[in-house]
Amino acid sequence: MVLTGRAGILAAAGVVFVALVMPSWAGVGVVVAAVLVVCLVDILLAGSPRRLQFSREGDNAVRLGEQAAVNLLITNPGRRVRGLLRDAWPPSAGVLDPPHKLDLPSGERRRLTTHLVPTRRGDRHAFRVTVRSIGPLGFAGRQGSHQVAWTLRALPPFKSRKHLPSRLARLRELDGRTALLVRGQGTEFDSLRDYVPGDDVRSIDWRATARRGNVVLRTWRPERDRQVVIVIDSGRLSAGRVGDAPRLDHAMDAALLLAALATRAGDRVSLLACDSAVRADVRRPAPEDVLPSFVNALANVEAELVQTDFRIVVSQVLERLGQRSLVVLLTGLDPAVIEESLLPVIGPLLRRHVVLLASVADPRLTELEAARGDLLDVYGAASAARTRLDRDRLTATLTRAGVTVVDEPPDHIAPALADTYLALKKAGRL
Amino acid sequence: MSTSVGRSVGESWRALRTPLLITGFVVLAAIVVLIATSARTSGQFSPDSTESTGARALAALLEDHNVDVHGTESLNDAVQAGGGSTLLIGPGGSLDDGDWRRIAQAQWSHIILIRPGSRALEALAPGVRPTGNSLATRSRQPGCELPAAVKAGTVTVNGPTYSAPEGATTCYGDGINNTVVRLEVGDRLVDVIGTPGSFMNARLADDGNAALALNLLGTHQDLTWYLPQWESDYPDSDGESSAQLIPPDVRYIAWALAFAVLVVAIWRGRRLGPVVAERLPVIVHAAETTEGRARLYRRSRARDRAASALRESALGQLHEAHGIPRRADPSAVVATVAARTGRDPAMLYELLYGLPPLTDAALMSLSQELDVLTQEVRHP
């Protein structure tokens, strides 16, 4: 049951009535009875919200920050329903529309569109559709709710895709698809071509030159069909917020750029998100399926406040890799955690594979270290310096152990990781 | 596909249960408080007051001896007597002759007047007159035949004294100026007591005060302990009269208004569906631990740790800028940096490897000097 402003006005008019016309118990009774009767009649005449039938159609997934539209189809088998309709979603689904106005004559069907801009990654489930049906007199009405299931998946935004074209261009240079004047980057023999002035003379294939009679050059290209495993740490190290998003989100962004790049380079990319258990696992999808499957798998991964078990990471990676491959670990450079739980178990990985550890650095630490004002600033600078020194020491330890470390602030982590990958490829370390 | 969502009776009951319980509890608590405070009295000689001028101790003693003490500040309680009960009238108050007469007409079998004025004496103890006031506090012998006083023995006395008519028993005095007077008016016993101080919490334990009080007050099972107030409370000054001053129309308008408010409350209070709850992930600033450590440094005044971190950081930058090997010993570092910057080697050594600063100001200046040094290195 709901009342409207008209019922309030009627009751207020009743006060005037009692004051001026019938200042007695009878007058009060008349007012109460009048309001009750009018409201009751209106409620009885209002169309039933319960009998409405609903179904949905529209977007199933949307990139975080973009707008999705979900339609609601309403069929009315009963009396005319007039009033308001609220399509309720959780707050982070970002519903843009205010409650819809509804006027649905008997036997008809309407389509209402709810626009959503999710503010957080992950699955958002529609909560309820609540209909308030006001009677023909406009004094009172009925209200009822329906559960109309729908799930909208907010995918990782992949903001770093703007860096992809420039990296692809560099990849093409490596690949020899553009005119190359330097000796082939890579160790895999590709083809022979004629010498062009300016080419590195060390690349001349003398035997072929002798056979053909003109100077022939060997070209090389980087290895293809290598395995790349991207491991995202979804444990507590990734929960910390850097800038305006958790480390995990920056890590995902970097992982997506790397995956796109490596796929174009002809490598097979797998994904693993892991803390104390495996949260997402994508194994060697088809090249055209890499980004969609990664984005889908990562949509619902949230940072858990547990310590990541790197033994799981190592065993999972070893299990799926035979040949020499690239293992990219996206985690945090926390000396205590890395030294105690990663370094003791990373041996088997290092023996067989190239390991790259990428961490999102916090620009706040740089700010803290540069701050000079009052005493707390100086202590803050000292504390930040200590943190950085610890990280530097850890980086040195890791590098000595054979791990390539990329430690960059959120804006640079994705391109830096891509560049490191290209550098490894160029150096023929894969 | 859709399913209608509604609340079953059980769900409604579960949702309403807690608010109902809380409301019930509040109402119950209010009633209990009202009952508990309705019999409360306060001020001098009050049976509920634990201050030194109160008489809670005496009331408690009486309760221990199976006397029901009923404290009141209302004249109505003092004029509605049951037979075979005692009325104690405390000192002070501003009752007029009419009030005293009404008390006298009530069916009390024993009335005890504590430091009464002349109006009270006129109405309740005819023939007794105030004779003076003994300002000094002293112990006195009973000096009379009254069994209550004889058993109690010596009593601390202070306050007005009274003369007694023929046939009355006088105690704690010289026959003319007496502190305790007992007389019979009709078939009623009337005690006039001039020394309230002896029965207050502060001095009840002295001499035989407690015994005298128990003997005098404990004659009956029921004791009404009336403390006269400074305003006369006639029934016509009660709350009812103020209700009568309001014209009856206003009452109906008020009821109609209350109904209108209820209607508006229902109109505004109904939500369009429930609030949607959501489980949010925990988000902590990544730099939180570093900032926390900075506050810990400051709280524990860890200047040594802070200084060593700053020095190590500066040294790292110097190593990088001058290409000094990491493991170079301090004198070599100082010599190289001194050669490049033209600074005094001793001062430089003190700056980079000296003792930890002893004051916060020294730490601040150390950080500034290190800044200057690293700046010089970066932009020579």
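Keep in mind that what you see is a predicted model, and the values were worked out from it rather than measured.

## Re the overall build of chain B
Helix and strand counts for chain B come out as 14 helices and 11 strands. Across the 380 residues of chain B, 31% fall into the buried class. When contacts within chain B are restricted to residue pairs at least 6 apart in sequence, those whose partners lie at least 24 apart make up 65%.

## Here's the deal with the overall build of chain A
Summing up its helical and strand segments, chain A has 12 helices and 21 strands in all. The proportion of buried residues among the 430 residues of chain A is 42%. Sequence-distant contacts, at least 24 apart, represent 72% of the contacts inside chain A between residues at least 6 apart.

## With respect to the UniProt feature "transmembrane region" (unreviewed entry) in chain A
All names here are of chain A. Here, the residues flagged by UniProt with the feature "transmembrane region" (unreviewed entry) are residues 7-25 and 31-47. Helix makes up 79% of residues 7-25 and strand 0%, with an end-to-end C-alpha separation of 21 Å. The span residues 31-47 is 88% helix and 0% strand, and its two end C-alpha atoms sit 26 Å from each other.

## Considerations on the interface of chain B and chain A
Facing the 46 residues of chain B at the interface are 68 residues of chain A. The set of elements that each furnish at least two residues to the side of chain B that touches chain A consists of strand 1 (3-5), helix 9 (248-269), strand 11 (284-285), helix 10 (288-299), helix 11 (303-322) and helix 14 (360-378) of chain B. Examining the composition of the side of chain B that touches chain A, we find that 12 residues originate from one element, helix 9 of chain B, more than from any other. By residue class, the composition of the side of chain B that touches chain A is 28 nonpolar, nine polar and nine charged. With two bridges connecting them, strand 15 (residues 240-242) of chain A and strand 11 of chain B associate as parallel partners.

## A short note on the sheet that holds strand 11 of chain B
In space, the three strands of this open sheet follow the order 16(A)-15(A)-11(B), with mixed pairing throughout. Across the chains shown, the open sheet's two edge strands, defined by having one partner strand only, are strand 16 (245-246) of chain A together with strand 11 of chain B. Relative to strand 16 of chain A, strand 15 of chain A runs antiparallel, the two being bridged by two bridges. Considered in strand 16 of chain A, the bridge of valine 242 of chain A is made with alanine 245 of chain A.

## Here we look at the sheet that holds strand 21 (residues 404-408) of chain A
In any sheet, the strands associate via hydrogen bonds between backbone groups, in a parallel or an antiparallel arrangement. All names here are of chain A. Reading across from one edge, 18-17-14-19-20-21 is the order of the six strands in this open sheet, with mixed pairing throughout. On the outer flanks of this sheet lie strand 18 (278-282) and strand 21, each paired with one strand and no other. When the angles between neighbouring strand axes are averaged without regard to direction, this sheet yields 15°. In terms of strand pairing, strand 20 (residues 354-360) meets strand 21 through five bridges, oriented parallel. Looking at the pairing, alanine 358 lines up with valine 406 of strand 21. Packed onto the sheet, helix 6 (residues 290-299) meets strand 17 (268-274) and strand 18 and runs at close to 170° relative to strand 18. Sitting on the sheet, helix 11 (residues 375-401) is in contact with strand 20 and strand 21, with an inclination near 155° to strand 21.

## Observations concerning the pairing of strand 9 (residues 188-193) of chain B
All names here are of chain B. In terms of strand pairing, strand 4 (residues 110-114) meets strand 9 through five bridges, oriented parallel. Paired with isoleucine 111 across the two strands is valine 190, which belongs to strand 9. Here strand 8 (residues 178-185) runs beside strand 9; their pairing, made up of six bridges, is antiparallel. Paired with valine 181 across the two strands is valine 192, which belongs to strand 9. Between strand 8 and strand 9, which pair antiparallel one after the other, the connecting turn spans two residues, and glycine 186 there sits at a positive phi close to 65°.

## Brief notes about unusual backbone geometry
Residue and element names in this part refer to chain B. Positioned with a positive phi, asparagine 66 is a non-glycine residue whose angle comes to about 65°. Of note, asparagine 66 is situated in the loop between helix 2 (56-64) and strand 2 (68-72). Asparagine 66 gets classed as exposed once you count the C-beta atoms within 10 Å, which come to 8.

## Remarks on the packing of helix 10 (residues 363-370) of chain A against helix 11 of chain A
Residues and elements named next belong to chain A. Where helix 10 contacts helix 11, the axes come no closer than 7 Å and their chain directions differ by 135°. As judged from the angle between their axes, helix 10 and helix 11 are oblique. You can see that helix 10 and helix 11 cross each other, and the crossing is left-handed. Of the residues in helix 11, those touching helix 10 at Leu365, Leu368 and Glu369 are Gly380, Ala381, Ala384, Ala385, Thr387 and Arg388. Residues that form the contact of helix 10 with helix 11 fall into these classes: five nonpolar, two polar and two charged.

## Concerning the nonpolar core
Counting residues in each nonpolar core, the largest one holds 116 residues, and the members touching the most others are Ile230, Val231, Ala255, Leu258 and Val328 of chain A. For this core, the element with the most residues is helix 5 (residues 247-264) of chain A, which contributes 12 residues. Residues contacting leucine 258 of chain A, with those up to four places away along its chain left out, are Ile230, Val328, Leu417, Ala418 and Tyr421 of chain A. Grouped together as the second largest cluster of nonpolar side chains are 55 residues, Leu61, Leu113, Val190 and Leu217 of chain B included.

## Remarks on helix 5 of chain A
Residue and element names in this part refer to chain A. With 18 residues, helix 5 extends 26 Å between its outermost C-alpha atoms, agreeing within 8% with the 26 Å of an ideal straight helix rising 1.5 Å per residue. Within helix 5, 17 of the 18 residues are buried, which leaves the element mostly enclosed by the surrounding structure. At the C-terminal side of helix 5, glycine 266 shows a positive phi close to 90°.

## Structural notes on helix 2 of chain B
Residue and element names in this part refer to chain B. Regarding helix 2, the residues found buried are Ala57, Leu58, Ala59, Leu61 and Leu62. Against the buried residues of helix 2 lie strand 2, helix 7 (209-217) and strand 10 (222-226). Looking one or two residues past helix 2, asparagine 66 carries a phi angle of roughly 65°, positive in sign.

Cut-offs used in this document
- Residues numbered from 1 in each chain as written.
- Chains lettered and ligands numbered in written order.
- Predicted model: local features only at pLDDT ≥ 70, side-chain atom pairs only at ≥ 80, totals over all residues.
- Helix = DSSP H or I, 4+ residues; strand = E, 2+ residues; numbered from the N terminus.
- Buried ≥ 20, exposed ≤ 12 C-beta atoms within 10 Å, placed from the backbone.
- Contact = placed C-beta atoms within 7 Å.
- UniProt positions renumbered as here; feature names shortened; annotations may be inferred.
- Nonpolar A, V, L, I, M, F, W, Y, C, P; charged D, E, K, R; others polar.
- Pairing = 2+ DSSP bridges.
- Axes fitted to C-alpha atoms, helices over the stretch in contact; angles between N-to-C directions.
- Parallel < 35°, antiparallel > 145°, perpendicular 65-115°, else oblique.
- Left-handed = near helix turned anticlockwise from the far one by under 90°.
- Core = buried A, V, L, I, M, F, W, Y, C linked by C-beta atoms within 7 Å.
- Expected span 1.5 Å × (residues − 1).

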